[in-house]
Amino acid sequence: MSSVIPEPSVPPGDPQHDEEQRLRELGYRPVLARRMGGFGNFAISFSVISILSGCMTLYGFGMGAGGPAVMLWGWAGVGLFVLCVGLSLAEVTSAYPTSGALYYMADRLGGRRWGWYTGWLNLLGLLGAIAGIDYGAALFTGAFASIQWGFAPTPGKTMLIFLGILLLHALLNLFGVRLVSVLNSISVWWHLAGVAVIVGALVIVPDHHQSASFVFTKFVNDTGWSNPVYVAAIGLLLAQYTFSGYDASAHLSEETSNASVSAARGIVRSIWVSWIAGFVLLAGLTFAIQDYAGTQNSSTGVPPAQILLDGLGTDGASALLLVVIVAQLFCGNAEVAAASRMVFAFSRDKALPGSALWRRVSPRTQTPVAAVWLAVVAAALLALPSLYSATAYGAVTAINVIGITPAYAIPVFLRLRAGDRFQPGPWSLGRWSRPVGWVAVVWVACVTVLFCLPQSSPVTIDSMNYASIALAVVLILASVWWYVARRSYGTPTTAAYGSDRDQAELAEGIV
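Trainee: So what about the overall build of the protein? Which residues, and what values?
Mentor: Summing up its helical and strand segments, the protein has 22 helices and 2 strands in all. Since a compact globule built from 511 residues should have a radius of gyration of about 24 Å, the 22 Å found for the protein is in line with a globular shape. With respect to the principal axes defined by its C-alpha atoms, the protein has extents near 70 × 45 × 45 Å. Every one of the 511 residues in the protein was classed for burial, and the buried ones make up 60%. The contacts of the protein with a sequence gap of at least 6 include a subset with a gap of at least 24, amounting to 85%. In the form shown here, the protein has an accessible surface area of approximately 18,400 Å², with 67% of it arising from carbon and sulfur atoms. One finds the centroid of the 27 positive side-chain charges in the protein at a distance of 8 Å from the centroid of its 25 negative side-chain charges.

Trainee: Tell me about the side chain of threonine 300, residues and numbers included.
Mentor: The residue threonine 300 is located in the loop between α15 (292-296) and α16 (303-348) in this model. In terms of polar contacts, threonine 300 uses its side chain to reach the side chain of serine 298, at 2.7 Å. A polar contact is formed between the side chain of threonine 300 and the backbone nitrogen of valine 302, at a distance of 3.2 Å. The residues touching threonine 300, leaving out its near neighbours within four places in the chain, are Ala143, Ser146, Ile147, Pro153, Ala305 and Gln306.

Trainee: Pulling in residues and values, what's your account of unusual backbone geometry?
Mentor: The residue serine 50 is not glycine, and still its phi comes out positive at about 40 degrees. Looking at the secondary structure, you find serine 50 in the loop between α2 (38-49) and α3 (51-57). Residue serine 50 is classed as buried on the basis of its relative accessible area of 0%. Phi angles above zero are rare outside glycine, and glutamine 366 is one such case at about 55 degrees.

Trainee: If you had to explain the packing of aromatic side chains to someone new, which residues and values would you point to?
Mentor: Both the distance between ring centres and the angle between the ring planes are used here to describe each pair of aromatic rings. Taken as a whole and judged by the stated rule, the model has 27 aromatic pairs. Here the aromatic rings of tryptophan 116 and tryptophan 482 are separated by 5.3 Å at their centres, their planes lie at 70 degrees, and the arrangement is edge-to-face. You can see tryptophan 116 sitting in helix α7 (residues 112-149) and its partner tryptophan 482 sitting in helix α21 (residues 467-485), a full 366 residues away along the chain. Assessed through its relative accessible area of 0%, tryptophan 116 is described here as buried. Between tryptophan 190 and phenylalanine 330 the ring centres are 6.4 Å apart and the planes differ by 65 degrees, which places this aromatic pair in the edge-to-face class. Of this pair, tryptophan 190 sits in helix α9 (residues 177-204) while phenylalanine 330 sits in helix α16; the two residues are 140 residues apart in sequence, bridging distant segments of the chain. Judged by its relative accessible area of 33%, tryptophan 190 is partly exposed. Members of the aromatic cluster, connected to one another through ring pairs, are Tyr103, Trp116, Trp120, Phe346, Trp482 and Tyr489. In this arrangement the basic side chain of arginine 348 is found over the ring face of tyrosine 28, its NZ or CZ atom lying 3.8 Å from the centre.

Trainee: Report on the pattern of salt bridges, specifying residues and quantitative values.
Mentor: Within this structure, the stated rule accounts for 5 salt bridges. One salt bridge in this structure joins glutamate 20 and arginine 34, with 2.8 Å as the shortest N-O distance. On the criterion of sequence distance, the pair formed by glutamate 20 in helix α1 (residues 15-25) and arginine 34 in the loop between α1 and α2 is long-range, its members being 14 residues apart. Accessibility assignment for this pair places glutamate 20 and arginine 34 in one class, buried. One salt bridge connects arginine 348 with glutamate 254, and the closest N-O pair in it is separated by 2.8 Å. Highlighted residues: arginine 348 in helix α16 and glutamate 254 in the loop between α13 (248-251) and α14 (259-287), separated in sequence by 94 residues.

Trainee: Help me get a handle on the packing of helix α5 (residues 67-95) against helix α6 (residues 102-110), residues and values and all.
Mentor: Where α5 contacts α6, the two axes come as close as 10 Å, and the packing angle between them is 75 degrees. Classified by the interaxial angle, the pair formed by α5 and α6 is roughly perpendicular. When α5 is examined against α6, the residues Leu89, Val92 and Thr93 are found in contact with a partner set consisting of Leu102, Met105 and Leu109. When grouped by side-chain class, the residues that make up the contact of α5 with α6 number 5 nonpolar, 1 polar and no charged.

Reading the values: rules and limits
Residues numbered from 1 in each chain as written. Predicted model: local features only at pLDDT ≥ 70, side-chain atom pairs only at ≥ 80, totals over all residues. Heavy atoms only, no water. Helix = DSSP H or I, 4+ residues; strand = E, 2+ residues; numbered from the N terminus. Rg over C-alpha atoms; globule rule 2.2 N^0.38 Å. Buried < 20%, exposed > 50% of the residue type's maximum accessible area, 1.4 Å probe, protein only. Contact = heavy atoms within 4.5 Å. Areas by Shrake-Rupley, 256 points an atom, 1.4 Å probe, with all protein chains shown as cover. Lys, Arg positive; Asp, Glu negative; His and termini not counted. Charge placed at Lys NZ, Arg CZ, Asp CG, Glu CD. Polar contact = N/O pair within 3.5 Å; in protein donor to acceptor, adjacent residues only side chain to side chain. Phe/Tyr/Trp six-rings, centres within 6.5 Å; stacked < 30°, edge-to-face > 60°. Lys NZ or Arg CZ within 6 Å of the ring centre and 35° of its normal. Salt bridge = Lys/Arg side-chain N within 4 Å of Asp/Glu carboxyl O. Axes fitted to C-alpha atoms, helices over the stretch in contact; angles between N-to-C directions. Parallel < 35°, antiparallel > 145°, perpendicular 65-115°, else oblique. Nonpolar A, V, L, I, M, F, W, Y, C, P; charged D, E, K, R; others polar.

This is the structure:
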């Protein structure tokens with residue numbers, strides 16, 4: 001039985017009233033619960049970036065693809081460029097605070113096809129992020145069980161843990177955005193305290209530490225490629241993968257108070273806080289390496305776990321691994337929330353097969369239930385190759401980067417192309433908009449090409465980078481589906497999204 005959710009009664013003059021009115025002006029009738037504050041909005045992007053997820057899960061990759069020098073200096077450099085991307089994206093988000101976020105911005109600034117392809121890239125990146133984050137959490141859970149009970153983390157067992165984590169995140173997201181917001185707020189302090197405890201323990205407890213020269217200048221190449229520049233460039237994946245997901249603030253804007261400002265600030269703050277804390281974490285881990293080769297070939301399957309084990313002993317390593325695992329669980333939960341809102345918004349504009357199902361919203365929790373389930377099932381399918389290939393996890397993380405990173409730059413490029421036709425929101429870069437924007441666009445173009453390239457040599461069926469294939473498949477499917485859905489797809493062109501046609505569709509789509 002279908003029913004229409006009554007719109008909340010918000011008095012005029014209240015900031016929430018202004019945001020609901022702005023949403024109507026952008027063409028959408030409010031149906032999601034606006035229960036998230038500014039800190040909660042920042043917290044969801046910070047939780048998705050999750051330095052205790054990205055830095056830790058790809059640390060072993062970084063050890064072989066350039067080593068300490070690339071990890072530390074790459075983090076510093078990539079963070080600066082990503083901050084430029086975030087600043088530019090925040091400016092456009094302030095003007096268009098909707099759950100559709102990137103694709104809606106591209107549609108408004110460039111037209112329907114720009115919006116269409118941006119949406120599909122964004123969706124690929126978000127689903128790849130869920131797969132990468134939760135599979136990383138499964139790897140660390142297996143490492144914890146290995147240290148504690150001698151558990152053998154085979155690919156099959158890791159996959160079962162991964163599926164269990166996905167199920168947990170689906171269930172948590174079904175309770176509504178208020179629980180998601182509370183968990184993300186806890187996540188911020190958990191991450192910051194976790195970094196402080198891990199780095200503090202690694203500084204104080206071990207008797208031996210690496211030299212500053214080792215940490216900041218040691219170059220290691222285990223990729224099979226001979227060109228050090230190429231190897232260093234590939235090694236930037238660790239930082240670029242970690243610095244993704246900050247569009248979550250934009251995707252939750254329809255559920256955030258004062259979203260035109262709060263969502264923009266959430267994007268920028270999540271990046272610079274992660275930039276600082278992540279550098280401290282990487283430095284702390286690298287100084288504490290006792291045996292480089294032994295760490296790379298750890299029986300736990302997770303090099304950071306070996307660093308903790310060598311430096312702190314079994315009990316200390318187990319305790320801190322639990323800190324990391326909980327942080328990764330926070331991260332995956334936040335990413336499921338962001339991806340499900342993207343699915344909901346894209347379906348609301350009839351871009352996905354079965355859109356009538358995926359745009360449905362629960363009248364009890366005001367949560368897009370079907371969209372949550374689609375997000376976790378698609379993420380599970382993306383991670384399946386990890387059962388058969390040891391290099392598949394790197395490909396999954398690259399899928400996230402090459403899907404979502406171009407989607408960040410497209411609205412920025414279109415905003416630059418629009419010039420004075422673009423009407424900024426209340427949060428703006430002013431005269432810095434164009435120079436920062438062009439830096440962002442050039443950087444994204446470079447890393448998108450870079451992470452389609454093979455990461456190890458020789459290139460075989462097992463070692464090839466499947467991210468480029470995933471990108472090509474999605475673009476082909478998006479092109480084919482365009483000719484099926486182009487007549488029905490479209491963002492609202494006027495403020496009359498409360499018309500009889502759309503009222504009827506909303507009534508049909510909300511259960």
